[in-house]
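Results of the structural survey
So the chains spell out like this:
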Amino acid sequence: MLRSTRVVTPTGVRPATVHVADGRIVEVLPHAAPAPAGARRVELGDDALLPGLVDTHVHVNDPGRAHWEGFASATRAAAAGGITTLVDMPLNSVPPTTTVPHLARKRAVAGPKVLVDVGFWGGAVPDNLAELRALHAAGVFGFKSFLSPSGVDEFPHLTRAQLAAVLDELAAVDGLLLVHAEDPHHLASAPPASGPRYADFLASRPRAVEGEAIAALIDAARASGGRVHLLHLSSGEALPMIAAARRAGVRITVETCPHFLTLAAEEVPDGATEFKCCPPIREAANQDLLWQGLREGVIDCVVSDHSPSTPELKTGDFGTAWGGISSLQLGLPAVWSAARARGHDLADVARWMSTAPAALAGLTAKGAIAPGRDADFAVLAPEQTFTVDAARLHHRNRVTAYAGRTLHGVVRSTWLRGTRIAQDGQPSASAAGRLLTRR
(Lines give C-alpha, C1' and ligand atoms only; values in the text may rest on other atoms or scores of the structure.)
Protein backbone atom coordinates (compact mmCIF):
# COMPACT_ATOMS: atom_id res chain seq x y z
CA MET A 1 0.00 0.00 0.00
CA LEU A 2 1.22 3.49 -0.86
CA ARG A 3 -0.25 6.43 1.03
CA SER A 4 0.03 10.11 0.10
CA THR A 5 -1.82 13.33 0.80
CA ARG A 6 -1.67 13.97 -2.97
CA VAL A 7 -2.67 11.01 -5.12
CA VAL A 8 -3.36 11.95 -8.74
CA THR A 9 -6.45 9.98 -9.76
CA PRO A 10 -8.72 10.25 -12.83
CA THR A 11 -11.10 12.36 -10.72
CA GLY A 12 -8.47 14.74 -9.36
CA VAL A 13 -5.77 15.06 -6.71
CA ARG A 14 -6.76 13.87 -3.24
CA PRO A 15 -5.41 12.17 -0.11
CA ALA A 16 -5.61 8.42 -0.60
CA THR A 17 -4.10 5.02 0.05
CA VAL A 18 -3.48 2.83 -2.99
CA HIS A 19 -3.82 -0.90 -2.37
CA VAL A 20 -1.56 -3.00 -4.63
CA ALA A 21 -1.44 -6.76 -5.07
CA ASP A 22 0.23 -8.96 -7.69
CA GLY A 23 1.46 -5.93 -9.61
CA ARG A 24 -1.99 -4.39 -10.05
CA ILE A 25 -3.96 -1.67 -8.29
CA VAL A 26 -6.69 -3.36 -6.25
CA GLU A 27 -8.45 -0.24 -5.01
CA VAL A 28 -7.95 3.40 -4.14
CA LEU A 29 -8.95 3.83 -0.51
CA PRO A 30 -9.42 6.82 1.78
CA HIS A 31 -6.19 8.18 3.22
CA ALA A 32 -6.99 6.89 6.70
CA ALA A 33 -7.97 3.38 5.61
CA PRO A 34 -6.27 0.67 7.70
CA ALA A 35 -3.82 -1.63 6.00
CA PRO A 36 -5.08 -5.17 5.34
CA ALA A 37 -3.50 -7.88 7.46
CA GLY A 38 0.04 -8.54 6.31
CA ALA A 39 0.18 -5.58 3.91
CA ARG A 40 3.24 -3.31 3.88
CA ARG A 41 2.49 0.40 3.90
CA VAL A 42 4.79 2.89 2.19
CA GLU A 43 4.30 6.38 3.62
CA LEU A 44 4.87 9.13 1.03
CA GLY A 45 3.75 12.06 3.16
CA ASP A 46 3.06 15.11 1.00
CA ASP A 47 5.00 13.80 -2.01
CA ALA A 48 2.61 13.40 -4.92
CA LEU A 49 1.78 9.95 -6.30
CA LEU A 50 1.27 10.10 -10.08
CA PRO A 51 0.59 7.30 -12.54
CA GLY A 52 3.84 6.20 -14.13
CA LEU A 53 4.57 8.26 -17.22
CA VAL A 54 4.07 6.73 -20.66
CA ASP A 55 6.45 8.12 -23.29
CA THR A 56 5.36 7.09 -26.77
CA HIS A 57 8.11 8.91 -28.67
CA VAL A 58 11.59 7.61 -27.83
CA HIS A 59 14.48 6.88 -30.20
CA VAL A 60 16.47 4.15 -28.47
CA ASN A 61 18.61 3.49 -31.61
CA ASP A 62 19.43 -0.08 -30.60
CA PRO A 63 20.64 -2.18 -32.44
CA GLY A 64 22.97 -0.49 -34.87
CA ARG A 65 23.46 2.88 -33.19
CA ALA A 66 23.60 1.80 -29.56
CA HIS A 67 26.58 4.12 -29.09
CA TRP A 68 24.01 6.93 -29.45
CA GLU A 69 21.63 5.29 -26.96
CA GLY A 70 20.69 1.74 -26.01
CA PHE A 71 17.88 -0.05 -24.22
CA ALA A 72 19.78 -0.35 -20.94
CA SER A 73 20.75 3.32 -20.73
CA ALA A 74 17.45 4.64 -22.14
CA THR A 75 15.30 2.67 -19.71
CA ARG A 76 17.51 3.60 -16.76
CA ALA A 77 17.06 7.26 -17.66
CA ALA A 78 13.33 6.70 -18.07
CA ALA A 79 13.04 5.08 -14.65
CA ALA A 80 15.00 7.90 -13.01
CA GLY A 81 12.57 10.38 -14.59
CA GLY A 82 9.30 8.72 -13.53
CA ILE A 83 8.63 6.96 -16.85
CA THR A 84 7.43 3.36 -16.50
CA THR A 85 6.53 2.65 -20.14
CA LEU A 86 8.07 3.79 -23.40
CA VAL A 87 7.37 3.00 -27.04
CA ASP A 88 10.44 2.90 -29.25
CA MET A 89 10.54 4.55 -32.66
CA PRO A 90 11.49 2.42 -35.71
CA LEU A 91 14.50 4.61 -36.52
CA ASN A 92 17.43 5.33 -35.92
CA SER A 93 18.25 1.71 -35.27
CA VAL A 94 19.91 -0.40 -37.96
CA PRO A 95 17.97 -2.15 -39.29
CA PRO A 96 14.85 -0.01 -38.85
CA THR A 97 11.66 -1.70 -37.65
CA THR A 98 10.12 -2.04 -41.12
CA THR A 99 9.73 -5.82 -41.40
CA VAL A 100 8.76 -8.62 -39.03
CA PRO A 101 12.32 -10.03 -38.93
CA HIS A 102 13.64 -6.57 -38.08
CA LEU A 103 11.08 -6.32 -35.26
CA ALA A 104 12.15 -9.74 -33.97
CA ARG A 105 15.78 -8.65 -33.93
CA LYS A 106 14.94 -5.50 -31.99
CA ARG A 107 12.89 -7.44 -29.44
CA ALA A 108 15.74 -9.92 -28.99
CA VAL A 109 18.19 -7.09 -28.32
CA ALA A 110 15.85 -5.25 -25.96
CA GLY A 111 14.46 -8.12 -23.92
CA PRO A 112 17.34 -8.75 -21.48
CA LYS A 113 18.07 -5.04 -20.96
CA VAL A 114 14.87 -3.13 -20.19
CA LEU A 115 14.20 -1.65 -16.77
CA VAL A 116 10.77 -0.26 -17.77
CA ASP A 117 8.09 -1.72 -20.03
CA VAL A 118 8.83 -1.21 -23.73
CA GLY A 119 6.69 -1.44 -26.85
CA PHE A 120 7.54 -0.79 -30.49
CA TRP A 121 6.24 1.28 -33.37
CA GLY A 122 6.71 -0.07 -36.87
CA GLY A 123 7.91 2.01 -39.79
CA ALA A 124 6.07 2.94 -42.99
CA VAL A 125 8.54 3.63 -45.81
CA PRO A 126 8.17 3.62 -49.59
CA ASP A 127 9.12 -0.03 -50.14
CA ASN A 128 7.33 -1.86 -47.29
CA LEU A 129 3.62 -1.43 -48.05
CA ALA A 130 3.26 -5.22 -48.28
CA GLU A 131 4.84 -5.61 -44.81
CA LEU A 132 2.44 -3.39 -42.87
CA ARG A 133 -0.30 -5.91 -42.08
CA ALA A 134 2.23 -8.51 -40.98
CA LEU A 135 3.89 -6.00 -38.64
CA HIS A 136 0.46 -5.02 -37.32
CA ALA A 137 -0.31 -8.69 -36.63
CA ALA A 138 3.09 -9.06 -34.94
CA GLY A 139 2.06 -6.50 -32.34
CA VAL A 140 3.53 -3.11 -33.20
CA PHE A 141 1.39 -0.29 -31.81
CA GLY A 142 1.26 1.65 -35.08
CA PHE A 143 3.51 3.00 -37.81
CA LYS A 144 5.86 5.97 -38.03
CA SER A 145 6.37 7.83 -41.31
CA PHE A 146 8.02 10.99 -42.61
CA LEU A 147 6.76 13.41 -45.24
CA SER A 148 10.26 14.89 -45.65
CA PRO A 149 13.77 13.38 -45.37
CA SER A 150 14.25 11.68 -42.02
CA GLY A 151 17.97 12.36 -41.65
CA VAL A 152 19.00 8.70 -42.05
CA ASP A 153 19.23 6.97 -45.43
CA GLU A 154 17.69 3.68 -44.26
CA PHE A 155 14.34 5.33 -43.45
CA PRO A 156 13.16 7.30 -46.54
CA HIS A 157 10.11 9.55 -46.53
CA LEU A 158 6.74 9.00 -48.19
CA THR A 159 5.45 10.98 -51.14
CA ARG A 160 1.84 12.14 -50.93
CA ALA A 161 0.76 9.30 -53.19
CA GLN A 162 2.59 6.80 -50.97
CA LEU A 163 1.01 8.38 -47.88
CA ALA A 164 -2.44 7.78 -49.37
CA ALA A 165 -1.58 4.16 -50.16
CA VAL A 166 -0.27 3.55 -46.62
CA LEU A 167 -3.39 5.08 -45.08
CA ASP A 168 -5.65 2.92 -47.24
CA GLU A 169 -3.71 -0.18 -46.22
CA LEU A 170 -3.85 0.66 -42.51
CA ALA A 171 -7.49 1.73 -42.57
CA ALA A 172 -8.38 -1.85 -43.47
CA VAL A 173 -7.07 -3.02 -40.07
CA ASP A 174 -7.77 0.23 -38.17
CA GLY A 175 -4.03 0.74 -37.78
CA LEU A 176 -2.54 4.01 -36.55
CA LEU A 177 -0.15 6.11 -38.66
CA LEU A 178 2.20 8.53 -36.88
CA VAL A 179 3.49 11.30 -39.11
CA HIS A 180 6.46 13.64 -39.01
CA ALA A 181 4.79 16.47 -40.92
CA GLU A 182 7.19 18.82 -42.68
CA ASP A 183 6.74 19.59 -46.37
CA PRO A 184 9.83 18.80 -48.49
CA HIS A 185 9.04 21.41 -51.15
CA HIS A 186 8.81 24.22 -48.61
CA LEU A 187 12.02 22.98 -47.02
CA ALA A 188 13.77 23.08 -50.38
CA SER A 189 12.64 26.64 -51.05
CA ALA A 190 13.61 27.98 -47.62
CA PRO A 191 17.12 29.35 -47.04
CA PRO A 192 19.45 26.47 -46.18
CA ALA A 193 20.65 26.12 -42.60
CA SER A 194 24.33 26.74 -42.01
CA GLY A 195 26.58 28.32 -39.45
CA PRO A 196 26.27 28.92 -35.70
CA ARG A 197 23.30 31.36 -35.61
CA TYR A 198 20.07 29.82 -34.33
CA ALA A 199 18.05 32.49 -36.15
CA ASP A 200 19.37 31.16 -39.47
CA PHE A 201 18.39 27.61 -38.55
CA LEU A 202 14.90 28.74 -37.55
CA ALA A 203 14.50 30.57 -40.87
CA SER A 204 15.32 27.32 -42.69
CA ARG A 205 12.22 25.62 -41.21
CA PRO A 206 9.44 28.26 -41.11
CA ARG A 207 5.96 27.52 -39.79
CA ALA A 208 4.66 27.05 -43.34
CA VAL A 209 6.79 23.90 -43.62
CA GLU A 210 4.63 22.30 -40.93
CA GLY A 211 1.39 23.93 -42.02
CA GLU A 212 1.54 22.66 -45.60
CA ALA A 213 2.35 19.11 -44.52
CA ILE A 214 -0.36 19.06 -41.86
CA ALA A 215 -2.95 20.25 -44.39
CA ALA A 216 -1.92 17.42 -46.73
CA LEU A 217 -2.08 14.90 -43.89
CA ILE A 218 -5.58 16.03 -42.93
CA ASP A 219 -6.74 15.70 -46.54
CA ALA A 220 -5.29 12.20 -46.80
CA ALA A 221 -6.79 11.11 -43.48
CA ARG A 222 -10.19 12.47 -44.51
CA ALA A 223 -10.07 10.58 -47.81
CA SER A 224 -9.01 7.27 -46.24
CA GLY A 225 -11.01 7.40 -43.02
CA GLY A 226 -7.85 6.20 -41.29
CA ARG A 227 -6.36 7.15 -37.92
CA VAL A 228 -3.41 9.55 -37.91
CA HIS A 229 -1.29 11.00 -35.15
CA LEU A 230 0.67 14.21 -35.64
CA LEU A 231 4.11 13.96 -34.12
CA HIS A 232 5.98 16.71 -32.22
CA LEU A 233 3.83 19.71 -33.19
CA SER A 234 5.96 22.82 -32.99
CA SER A 235 3.87 25.44 -34.84
CA GLY A 236 0.95 26.90 -32.94
CA GLU A 237 -0.42 28.34 -36.17
CA ALA A 238 -1.60 24.86 -37.22
CA LEU A 239 -3.92 24.41 -34.23
CA PRO A 240 -7.08 26.02 -35.74
CA MET A 241 -6.73 23.81 -38.83
CA ILE A 242 -6.40 20.70 -36.65
CA ALA A 243 -9.37 21.67 -34.48
CA ALA A 244 -11.53 22.23 -37.58
CA ALA A 245 -10.51 18.85 -38.98
CA ARG A 246 -11.56 17.14 -35.77
CA ARG A 247 -14.92 18.87 -35.80
CA ALA A 248 -15.37 17.59 -39.35
CA GLY A 249 -14.73 14.02 -38.20
CA VAL A 250 -11.09 13.53 -39.21
CA ARG A 251 -9.47 10.99 -36.87
CA ILE A 252 -6.38 12.94 -35.85
CA THR A 253 -4.56 13.17 -32.53
CA VAL A 254 -1.65 15.47 -31.69
CA GLU A 255 1.42 15.53 -29.49
CA THR A 256 3.94 18.18 -28.56
CA CYS A 257 7.16 17.92 -26.57
CA PRO A 258 8.67 19.36 -23.38
CA HIS A 259 11.24 21.40 -25.32
CA PHE A 260 8.55 23.20 -27.32
CA LEU A 261 6.68 24.05 -24.11
CA THR A 262 9.66 25.16 -22.03
CA LEU A 263 12.42 26.47 -24.34
CA ALA A 264 12.18 29.49 -26.65
CA ALA A 265 14.11 30.50 -29.75
CA GLU A 266 14.99 33.87 -28.24
CA GLU A 267 17.12 32.22 -25.56
CA VAL A 268 19.14 29.79 -27.72
CA PRO A 269 22.80 30.88 -27.80
CA ASP A 270 24.68 30.85 -31.07
CA GLY A 271 26.46 27.55 -31.59
CA ALA A 272 24.34 25.76 -28.96
CA THR A 273 23.25 22.89 -31.17
CA GLU A 274 22.05 20.88 -28.19
CA PHE A 275 18.88 22.93 -28.87
CA LYS A 276 18.59 21.75 -32.49
CA CYS A 277 15.61 19.59 -33.40
CA CYS A 278 13.26 19.24 -36.36
CA PRO A 279 10.75 20.82 -36.40
CA PRO A 280 12.52 23.56 -34.43
CA ILE A 281 12.02 25.25 -31.09
CA ARG A 282 10.14 28.44 -32.01
CA GLU A 283 9.55 31.84 -30.40
CA ALA A 284 7.95 32.49 -27.01
CA ALA A 285 4.74 33.81 -28.62
CA ASN A 286 4.39 30.53 -30.50
CA GLN A 287 4.94 28.64 -27.24
CA ASP A 288 1.95 30.47 -25.77
CA LEU A 289 -0.20 29.08 -28.59
CA LEU A 290 0.92 25.53 -27.80
CA TRP A 291 -0.06 25.95 -24.17
CA GLN A 292 -3.42 27.25 -25.34
CA GLY A 293 -3.76 24.12 -27.48
CA LEU A 294 -3.16 21.97 -24.42
CA ARG A 295 -5.71 23.89 -22.36
CA GLU A 296 -8.32 23.54 -25.08
CA GLY A 297 -7.62 19.85 -25.69
CA VAL A 298 -6.47 20.22 -29.30
CA ILE A 299 -3.08 18.83 -28.25
CA ASP A 300 -3.52 15.46 -26.55
CA CYS A 301 -0.08 14.31 -25.40
CA VAL A 302 3.26 15.60 -24.21
CA VAL A 303 6.08 13.15 -25.00
CA SER A 304 9.84 13.51 -25.18
CA ASP A 305 10.94 12.80 -28.77
CA HIS A 306 14.18 11.77 -27.05
CA SER A 307 16.57 11.70 -30.01
CA PRO A 308 20.14 11.45 -28.76
CA SER A 309 23.45 11.24 -30.57
CA THR A 310 27.12 11.21 -29.68
CA PRO A 311 28.55 14.60 -28.63
CA GLU A 312 30.69 14.69 -31.78
CA LEU A 313 27.56 14.93 -33.94
CA LYS A 314 26.43 18.06 -32.09
CA THR A 315 28.83 20.30 -34.00
CA GLY A 316 28.66 24.07 -33.56
CA ASP A 317 27.07 24.45 -37.00
CA PHE A 318 23.26 24.27 -37.07
CA GLY A 319 23.41 23.07 -40.65
CA THR A 320 25.51 19.98 -39.99
CA ALA A 321 24.73 19.12 -36.35
CA TRP A 322 22.46 16.17 -35.55
CA GLY A 323 18.93 17.34 -34.80
CA GLY A 324 17.52 15.92 -31.59
CA ILE A 325 16.84 16.86 -27.95
CA SER A 326 17.84 14.48 -25.16
CA SER A 327 15.28 14.84 -22.39
CA LEU A 328 14.01 11.41 -21.38
CA GLN A 329 14.98 11.82 -17.72
CA LEU A 330 13.89 15.47 -17.46
CA GLY A 331 10.50 15.67 -19.15
CA LEU A 332 8.37 15.51 -16.02
CA PRO A 333 10.10 18.30 -14.05
CA ALA A 334 10.49 20.43 -17.19
CA VAL A 335 6.80 20.26 -18.04
CA TRP A 336 5.70 20.59 -14.41
CA SER A 337 7.89 23.69 -13.94
CA ALA A 338 6.20 25.43 -16.87
CA ALA A 339 2.72 24.06 -16.17
CA ARG A 340 2.59 25.23 -12.55
CA ALA A 341 3.67 28.72 -13.64
CA ARG A 342 0.71 28.78 -16.04
CA GLY A 343 -1.87 27.66 -13.49
CA HIS A 344 -2.06 23.96 -14.31
CA ASP A 345 -2.08 21.21 -11.70
CA LEU A 346 -0.58 17.74 -11.46
CA ALA A 347 -3.76 16.15 -12.81
CA ASP A 348 -3.21 18.05 -16.07
CA VAL A 349 0.40 16.85 -16.29
CA ALA A 350 -0.63 13.24 -15.59
CA ARG A 351 -3.28 13.44 -18.31
CA TRP A 352 -0.84 14.80 -20.90
CA MET A 353 2.12 12.58 -20.02
CA SER A 354 0.51 9.33 -18.89
CA THR A 355 -3.20 8.92 -19.59
CA ALA A 356 -3.30 10.31 -23.13
CA PRO A 357 -0.13 8.58 -24.41
CA ALA A 358 -1.36 5.28 -22.95
CA ALA A 359 -4.68 5.75 -24.76
CA LEU A 360 -2.89 6.61 -28.00
CA ALA A 361 -1.02 3.28 -27.96
CA GLY A 362 -3.99 1.31 -26.63
CA LEU A 363 -2.18 0.47 -23.38
CA THR A 364 -5.31 -0.14 -21.32
CA ALA A 365 -3.39 -1.32 -18.22
CA LYS A 366 -1.37 1.90 -18.07
CA GLY A 367 -1.99 5.60 -17.60
CA ALA A 368 -4.10 5.95 -14.43
CA ILE A 369 -4.21 5.24 -10.72
CA ALA A 370 -7.39 3.20 -10.82
CA PRO A 371 -8.44 -0.35 -9.90
CA GLY A 372 -7.28 -2.97 -12.37
CA ARG A 373 -4.43 -0.90 -13.82
CA ASP A 374 -0.78 -1.81 -13.46
CA ALA A 375 0.73 -0.50 -10.24
CA ASP A 376 3.03 1.91 -12.10
CA PHE A 377 3.81 5.11 -10.19
CA ALA A 378 6.00 8.18 -10.16
CA VAL A 379 6.52 9.80 -6.76
CA LEU A 380 7.19 13.53 -7.14
CA ALA A 381 8.18 16.28 -4.70
CA PRO A 382 6.41 19.08 -6.62
CA GLU A 383 7.74 22.07 -4.71
CA GLN A 384 11.36 20.97 -4.49
CA THR A 385 13.78 22.41 -7.05
CA PHE A 386 17.04 21.19 -8.54
CA THR A 387 19.56 22.43 -11.07
CA VAL A 388 20.15 20.15 -14.04
CA ASP A 389 23.63 18.65 -13.96
CA ALA A 390 24.30 16.72 -17.16
CA ALA A 391 26.80 14.51 -15.34
CA ARG A 392 23.95 13.08 -13.24
CA LEU A 393 21.86 11.97 -16.21
CA HIS A 394 21.59 8.30 -17.15
CA HIS A 395 21.39 8.87 -20.92
CA ARG A 396 24.32 7.23 -22.69
CA ASN A 397 25.49 10.60 -24.04
CA ARG A 398 24.93 13.34 -21.51
CA VAL A 399 24.15 16.22 -23.83
CA THR A 400 21.06 18.20 -22.92
CA ALA A 401 19.49 21.56 -23.68
CA TYR A 402 18.40 21.75 -20.02
CA ALA A 403 21.90 21.85 -18.51
CA GLY A 404 22.14 24.50 -15.79
CA ARG A 405 18.39 25.12 -15.61
CA THR A 406 16.60 25.12 -12.27
CA LEU A 407 13.43 23.03 -12.40
CA HIS A 408 10.58 22.31 -10.01
CA GLY A 409 9.71 18.71 -9.21
CA VAL A 410 12.13 16.07 -7.95
CA VAL A 411 11.29 12.47 -8.82
CA ARG A 412 11.67 10.64 -5.51
CA SER A 413 10.97 7.13 -6.76
CA THR A 414 9.47 5.14 -9.63
CA TRP A 415 7.46 1.93 -9.32
CA LEU A 416 6.73 -0.69 -11.97
CA ARG A 417 3.94 -3.16 -11.20
CA GLY A 418 4.37 -2.50 -7.49
CA THR A 419 8.18 -2.83 -7.44
CA ARG A 420 10.40 0.18 -6.88
CA ILE A 421 12.75 0.52 -9.87
CA ALA A 422 14.36 3.88 -9.03
CA GLN A 423 14.99 5.81 -5.83
CA ASP A 424 16.32 9.38 -5.54
CA GLY A 425 17.59 9.41 -9.11
CA GLN A 426 19.28 6.01 -8.93
CA PRO A 427 17.74 3.24 -11.06
CA SER A 428 17.66 -0.36 -9.94
CA ALA A 429 20.30 -2.69 -11.31
CA SER A 430 17.80 -5.38 -12.34
CA ALA A 431 16.05 -5.48 -15.72
CA ALA A 432 12.46 -5.55 -14.43
CA GLY A 433 10.69 -4.39 -17.58
CA ARG A 434 8.65 -6.36 -20.07
CA LEU A 435 8.25 -6.14 -23.82
CA LEU A 436 4.72 -5.11 -24.75
CA THR A 437 2.66 -5.88 -27.83
CA ARG A 438 -0.54 -4.36 -29.15
CA ARG A 439 -3.60 -6.21 -27.95
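An account of the accompanying structure is given in this report. The numbers attached to residues start from 1 for each chain and follow its sequence in the written order. Whole-chain, interface and lining totals are the exception, using all residues; otherwise, since this is a predicted model, local features are given only for residues with pLDDT of at least 70 and side-chain atom pairs are given and counted only at 80 or more. Working from all heavy atoms in the structure, the side-chain values ignore hydrogens and water.

Let us now look at helix H11 (residues 331-341). With 9 of 11 residues buried, H11 is to be regarded as a mostly interior element. A 1.4 Å probe rolled over the protein chains alone gives each residue an accessible area, and that area as a share of the maximum for its type sets the label: buried under 20%, exposed over 50%, partly exposed in between. Helical segments are the DSSP runs of H or I of at least four residues, strand segments are the runs of E of at least two, and each set is numbered from the N terminus. Within the span of H11, buried status applies to Gly331, Leu332, Pro333, Ala334, Val335, Trp336, Ser337, Ala338 and Ala339. Phi turns positive one or two residues past the end of H11, at Gly343, with a value near 90 degrees.

Further remarks concern the packing of H11 against helix H12 (residues 346-361). Note on definitions: angles span 0 to 180 degrees between N-to-C directions of axes, and those axes are lines fitted to C-alpha atoms, for helices only across the stretch in contact. At a minimum axis separation of 10 Å, H11 and H12 run at an interaxial angle of 135 degrees. Looking at the two axes, H11 sits oblique to H12. As H11 runs across H12, the sense of the crossing is right-handed. In this structure, H11 contributes Gly331, Leu332, Val335, Trp336 and Ala339 to the contact, and H12 contributes Leu346, Val349, Trp352 and Met353. Within the contact of H11 with H12, the residues separate by chemical class into 8 nonpolar, 1 polar and no charged. Here is the rule for angles: anything less than 35 degrees is roughly parallel, anything more than 145 is roughly antiparallel, 65 through 115 is roughly perpendicular, and the remaining ranges are oblique. Here a crossing is called left-handed whenever its near helix is offset anticlockwise from the far helix by less than a right angle, and right-handed whenever the offset is clockwise. Residues count as neighbours in contact if any of their non-hydrogen atoms are within 4.5 Å of one another. Each residue gets one label: Ala, Val, Leu, Ile, Met, Phe, Trp, Tyr, Cys and Pro are nonpolar, Asp, Glu, Lys and Arg are charged, and the others, such as Gly, are polar.

The next thing to look at is the nonpolar core. As used in this record, nonpolar core signifies buried Ala, Val, Leu, Ile, Met, Phe, Trp, Tyr and Cys residues forming a set joined through side-chain atoms within 4.5 Å. Residues Leu177, Leu233, Ile242 and Trp352 are the most contacted members of the largest nonpolar core, which totals 99 residues. Excluding residues that lie within four positions of it along the chain, Ile242 makes contacts with Ile214, Ile218, Leu230, Leu233, Ile252, Val254 and Val298. The next biggest cluster of nonpolar side chains, apart from the first, holds 14 residues, and it includes Ala16, Val18, Val28 and Val379.

Another point: the packing of helix H4 (residues 160-171) against helix H7 (residues 207-224). Running from amino to carboxyl end, H4 crosses H7 at an angle of 40 degrees, the nearest separation of the two axes being 9 Å. Taken together, the axes of H4 and H7 lie oblique to each other. Handedness of the crossing formed by H4 with H7: right-handed. Of H7, the residues touching H4 (which contributes Arg160, Leu163, Leu167, Asp168 and Ala171) are Glu212, Ala216, Leu217, Ala220, Ala221 and Ser224. Its residues assigned to classes, the contact of H4 with H7 shows 7 nonpolar, 1 polar and 3 charged.

Along any regular strand, the residues point their side chains to alternate faces of the sheet. Both strand S1 (residues 2-9) and strand S2 (residues 12-21) contribute to a ladder of 6 bridges, which runs antiparallel. From the neighbouring strand, Ser4 faces S2, where its bridge partner is Ala16. Two strands pair under a simple rule: DSSP has to find at least two bridges between them. Taken together, S1 and the strand that follows it, S2, pair antiparallel across an intervening segment of 2 residues. Pairing geometry for S2 and strand S3 (residues 24-30), over 6 bridges, is antiparallel. Counterpart to Ala21 in the pairing with S3 is Arg24. A loop of 2 residues connects S2 with S3, the two strands running antiparallel in sequence, and Asp22 in this loop sits at a positive phi of about 55 degrees.

All right, on to the sheet that holds strand S12 (residues 227-230) then. Reading across the sheet, the 6 strands line up as S9-S10-S11-S12-S13-S14 and stay open at both edges, with parallel pairing between neighbours. Where the open sheet ends on each side, the last strands, each with one partner, are strand S9 (122-123) and strand S14 (301-302). Note: strand S10 (residues 143-146) against strand S11 (residues 176-180), 4 bridges, orientation parallel. What sits directly across from Ser145, in S11, is Val179.

All we've got here are geometric facts, nothing functional implied.
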